[in-house]
Amino acid sequence: MVKPVDIAFEDVSVDFDGHFQLHRIHWQLNGGQHWLVAGPNGAGKSALAAVLSGAGDITNGAVQGLPRNVSIVSYEAQAELIAAELKKDDADILDVLSEGTPVAEIIERDTRDKALANQLIEQFDLTPLLNRAFRKLSTGETRKVMLVRALASEPDLLVLDEPFDGLDVNTHDMLMTHLHGVVDTTPTVMVLNRIDERPSFITHIAWVEAGQLTHCVACDDESAMAELIQWLHLKHGQIELPNPDPIDRLPALDPDEPLVQIKEASVRYADNVVFENISWCIERGQHWQLTGPNGSGKTCLLSLITGDHPQCYVNNIRVFGFQRGNGESIWQIKQFIGYVSTQLQWEYRVGTSLKNVIISGFHDSIGLYTKPSDVQKAVADDWLDILGMSSRANEPFNQLSHGDKRLLLIARAMVKHPPLLILDEPCLGLDDMNRRLVLALIEKICASGKTTVLYVNHHAEDKVPGIEHHLALGKS
Amino acid sequence: MGTNYFNSLSLREQLEQLGKCRFMHLDEFTEGVDALKGKKMVIIGCGAQGLNQGLNLRDSGLDVSYTLRAEAIAEKRQSWKNASDNGFTVGTYEDLIPTADVVLNLTPDKQHTAVVNAVMPMMKKGSCLSYSHGFNIVEEGMQIRDDITVIMVAPKCPGSEVRAEYVRGFGVPTLIAVHENNDPNGEGLALAKAYAVGTGGHKAGVLMSSFVAEVKSDLMGEQTILCGMLQTGSLLCFDKMIEEGIDAPYAAKLIQYGWETVTEALKYGGVTNMMDRLSNPAKIRAFELADEMKDIMRPLYHKHQDDIMTGHFSSTMMADWANDDKELLGWRADTAESAFEKTAAGDMEISEQEYFDHGILMVAMVKAGVELAFETMTDAGIIADSAYYESLHETPLIANTIARKKLYEMNATISDTAEYGCYLYNHACVPLLQDFMKPLKSDVIGKGLQLNDMSVDNARLIEVNEAIRSHPVEAIGAELRGHMADMKRIV
């Protein structure tokens, strides 16, 4: 039986450090119900879910009946944990390299049922990672650890904010099966950007928009559901890619040479092999899709190309005419690349404005350290317009929602129409509208003829016309 | 072992070297890394500084490899793993030193004599030896072969930050110097500049200094305000709060995270901004407490500076090195046994403002320590820029380590040199402040003033504000932070 949890939001307003507010929420969650919280990016879905786990300052009304043991899995919680781990790493005033907290310890902290934890670790294939530092995991692996930790704590209320994002197909299916097994005893609130992906056990949908709870719909109420679905079919007008900076500062590339040539590359650490003997040649105009299960090394392979992986120096890699490790600087490589990934989003922790984040794409920097030209500012304005963020140009980036940050980083990656555009799961955390916007932008940039696109994704439905080559990594 | 280099100089030379410090502008670095292009750089040691500097230098297009002691390689120690996991060539001294154009010594001070003695005979004629701290040259009087160029490049941040800022496209403030006795071809400055560019330091600001100024100011800063004052302050404030009946876990938390919180304000806007975070009545109180402490502690700061200048400090410490660190280890164990150290911080919430409001005495201690250290250094002939970096600028970095791991770990992670000096200071300063502490109550530490009436006398407030703002550390601080901000946030 579901534990009889009745939670009531009575005219609740919540403030999040002064940069986001939920207004006058009335919401009744009764025992036996499982809720989906949906709405556009930046509407306050995650904020509402986070209130269930005690986040924010309640400035009006009251929340009644919140159970004590609430487990939350979300980007914010994940980012917080990673930030805490990174912070520990800075501890070396002198000379100690911190190894970070191992996965086993992260999970154990909250575990109530050890046997369950062990079973989940096994199922989610985390056994080989137990002794690895949490912060060294890939995006998908981190997410899995968060999930196992939440499930093993046997919560009175389980809050899952975009739990499927970043998971490969197998893990997704397994999580779904596990959830179906526990929902009878665990009330669940789930945040998803896509209503159509909701699990069948969801009984109710809460639609959030601009910080307000605008609709509460029972899934078996057909007419109310139909009305809600209409929200998702709002059309956006014809979009055009903003021009790049007309003064092309890039050195010319040899048209006959491939952009990227990787020969029999391997990445390994003292005790583990990420992948071995991968060869990959990317010709100009050849758009590629890269797939593979969590932990198969997708991000790692891409970072050999971008130069962010230190082992790019011990592999046979030729990019943009540079044989790596012959005196070129990393900035000579990066000038040809536009890049977006979840890892970049985590690393983009500097206090700067939305507009400067886009302009920083011209300089391949995190934060802006060079005076931008008027043209660059104008191009950034065009991008803000497309993203519907013109009025927020000077707001601080680090206070945006996950989805809005992602949109800006995609604009940052595209802003210079780079010869190589690397999009590592760009649609993670985007709602339906924005996902379609991003897919349309990718399609446009593929068709422009100047940019070659490298695209990583898990969702079959996020296929982009024009991307015809495919590299699939296996589990090593 | 050589004799103390500083003491071998004439007074004129001493003053000249101590007074050497100039902020270099970005346009002085137009040659980029050219002076090091194609040269073989071999780093000794692969801890956080060694590894992260090496990663930056390599990403700037330079040829970097690591040399470790044969045992470290054979046993695959952490330093070996750090280097090889990151795709660097690792070899023994015999393998790599003879091929090196530049040898970067990034080992701890204590090992310098042994390391340099081991590698110097193998170094190529006309090559370059680089340090990140001048203790070995200045205090131990290490004599380097005449044909070798000796430089120093010292990023003023922990290794992980050196890397993180580089990856963002920026850098961290860096001090460079050339050892005048060892610049046979006059290329020392060009090499040091190129090295600073290679680590990204030129973007955040480079200070051109001397080995002497670096050592004498670094030692002074770390043993007084940076580590010593924070250690003494932690112990005294905690004991006072317990005496006043404050909940121990609360007291432990207020101190453990309080230093970090109040010095964050220091980082942004100097002592002025830190003091401005207090209410007017609290600010006046903190000002008066700081003034009183400055009078009490001034002779101690002078003694530390004098002992550093004469070499008395380093010879005492080196004697302890020779005695298997007996004093150091004993003091370290004492620290671990202190009441503050043994009380876990509570999990109550303390807002950012509460750290100021309830930590008036801590704010006063930071103010007193920063100003005294700065005054003492500049009085001793160290130029204001150096004195600023070695006092105010680094305080938040050390406060940060206390926030993470309290005193015992702070002491274990800072250099042995800093730790030794910190204990010396602490042993003298705790008894010195005894009478001052006696009458204090929880209104200045633990509970806050709790006034219903916040009014103050206008004339007194103006006087206090004027005194805070006109301290010389504020003028140089505003200028140097301005350079940083110019470069960091151009728009």
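A look at the overall build of chain A
From N to C terminus, chain A includes 14 helices and 18 strands. Overall, chain A is about 70 × 50 × 45 Å in size when its C-alpha atoms are taken along their principal axes. Across chain A, every contact between residues at least 6 apart in sequence was considered, and the portion connecting residues at least 24 apart equals 73%.

A closer look at the packing of helix α11 (residues 211-243) of chain B against helix α21 (residues 416-432) of chain B
Residues and elements named next belong to chain B. One way to put it is that α11 packs onto α21 with a least axis distance of 8 Å and a crossing angle of 50°. Taken together, the axes of α11 and α21 are oblique relative to one another. Two packed elements cross with a definite hand, and for α11 against α21 that hand is right-handed. Taking contact as the criterion, the partners of Leu 219, Glu 222, Gln 223, Thr 224, Cys 227, Gly 228, Gln 231, Thr 232, Leu 235 and Leu 236 in α11 are, on α21, Thr 417, Ala 418, Gly 421, Cys 422, Leu 424, Tyr 425, Asn 426, Cys 429 and Val 430. Looking at the contact of α11 with α21, its residues break down into 10 nonpolar, 8 polar and 1 charged.

Here we look at the packing of helix α18 (residues 360-379) of chain B against helix α19 (residues 384-393) of chain B
Residues and elements named next belong to chain B. At their nearest, the axes of α18 and α19 sit 9 Å apart, and the two run at 150° to each other. Between α18 and α19, the angle is such that the two are roughly antiparallel. Relative to α19, the crossing made by α18 is right-handed. Between α18 and α19, the contacting residues are Val 370, Ala 373, Phe 374, Met 377 and Thr 378 on the first element and Ala 384, Ala 387, Tyr 388, Glu 390, Ser 391 and Leu 392 on the second. Tallied by class, residues from the contact of α18 with α19 come to 8 nonpolar, 2 polar and 1 charged.

Quick word on the sheet that holds strand β7 (residues 188-191) of chain A
Residues and elements named next belong to chain A. Across the sheet, 6 strands lie side by side as β5-β6-β7-β3-β8-β9; this open sheet has mixed pairing. The open sheet terminates on both sides in strands that have one partner only, identified here as β5 (70-73) and β9 (212-218). Neighbour-to-neighbour, the strand axes of the sheet open up by a mean angle of 15°, direction not taken into account. Two elements, strand β3 (residues 35-38) and strand β8 (residues 204-209), share 4 bridges in a ladder whose sense is parallel. Across the sheet, the residue bridging to Ala 38 is Trp 207, located in β8.

Some thoughts on the domain arrangement of chain A
All names here are of chain A. Taken domain by domain, chain A holds domain 1 (7-231) and domain 2 (260-472). Centre-to-centre separation of domain 1 and domain 2, based on C-alpha positions: 27 Å. On the side of domain 2, 21 residues touch domain 1, which itself brings 23 residues to the contact. Where the side of domain 1 that touches domain 2 is concerned, the elements lending two or more residues are α2 (75-89), α5 (139-152) and α6 (169-182). At 4 residues, α5 tops the list of elements feeding residues into the side of domain 1 that touches domain 2. When the residues that make up the side of domain 1 that touches domain 2 are grouped by side-chain class, the tally is 6 nonpolar, 11 polar and 6 charged.

Things to note about unusual backbone geometry
Residues and elements named next belong to chain A. The backbone of Ala 210 sits at a positive phi, close to 45°, despite the residue not being glycine. Within the fold, Ala 210 resides in the loop between β8 and β9. Given 13 C-beta atoms within 10 Å, Ala 210 falls into the partly exposed group.

Some words on the confidence of the model for chain A
The pLDDT averaged across chain A works out to 86; a share of 93% of its residues lies at or above 70. Across residues 233-237 of chain A, confidence stays below pLDDT 50; counting only partners more than four residues off in sequence or on other chains, it has 3 contacts.

Conventions and cut-offs
Within every chain, residues take consecutive numbers counted from 1 along the sequence as written. Here chains are named by letter from A upward and ligands by number from 1 upward, in the order in which they appear as written. Per-residue local features are limited, in this predicted model, to residues with pLDDT of at least 70; the limit for side-chain atom pairs, both in listing and counting, is 80 or more; totals at the level of whole chains, interfaces and linings are taken over all residues. Helix numbers and strand numbers start at the N terminus; a helix is a DSSP run of H or I with at least 4 residues, a strand a run of E with at least 2. By the criterion used throughout, residues are in contact when their C-beta atoms, derived from the backbone, lie within 7 Å. The axes used here are C-alpha line fits, helices contributing only the stretch in contact, and every angle between their N-to-C directions lies in the interval 0 to 180 degrees. In what follows, roughly perpendicular refers to angles from 65 to 115 degrees, roughly parallel to angles under 35, roughly antiparallel to angles over 145, and oblique to any angle outside these ranges. Crossing handedness is read from the near helix: turned anticlockwise from the far helix by less than a right angle, it gives a left-handed crossing, and turned clockwise, a right-handed one. Ten residue types, Ala, Val, Leu, Ile, Met, Phe, Trp, Tyr, Cys and Pro, are classed as nonpolar, four, Asp, Glu, Lys and Arg, as charged, and the remainder, Gly among them, as polar. DSSP calls a pair of strands paired once it identifies at least 2 bridges connecting them. Per the annotation, domain bounds derive from an automatic or database assignment of domains. Three exposure classes are used, based on other C-beta atoms lying within 10 Å of a residue's own C-beta, which is placed from the backbone: buried for 20 or more, exposed for 12 or fewer, and partly exposed in between. pLDDT measures the predictor's confidence residue by residue and takes values from 0 up to 100.

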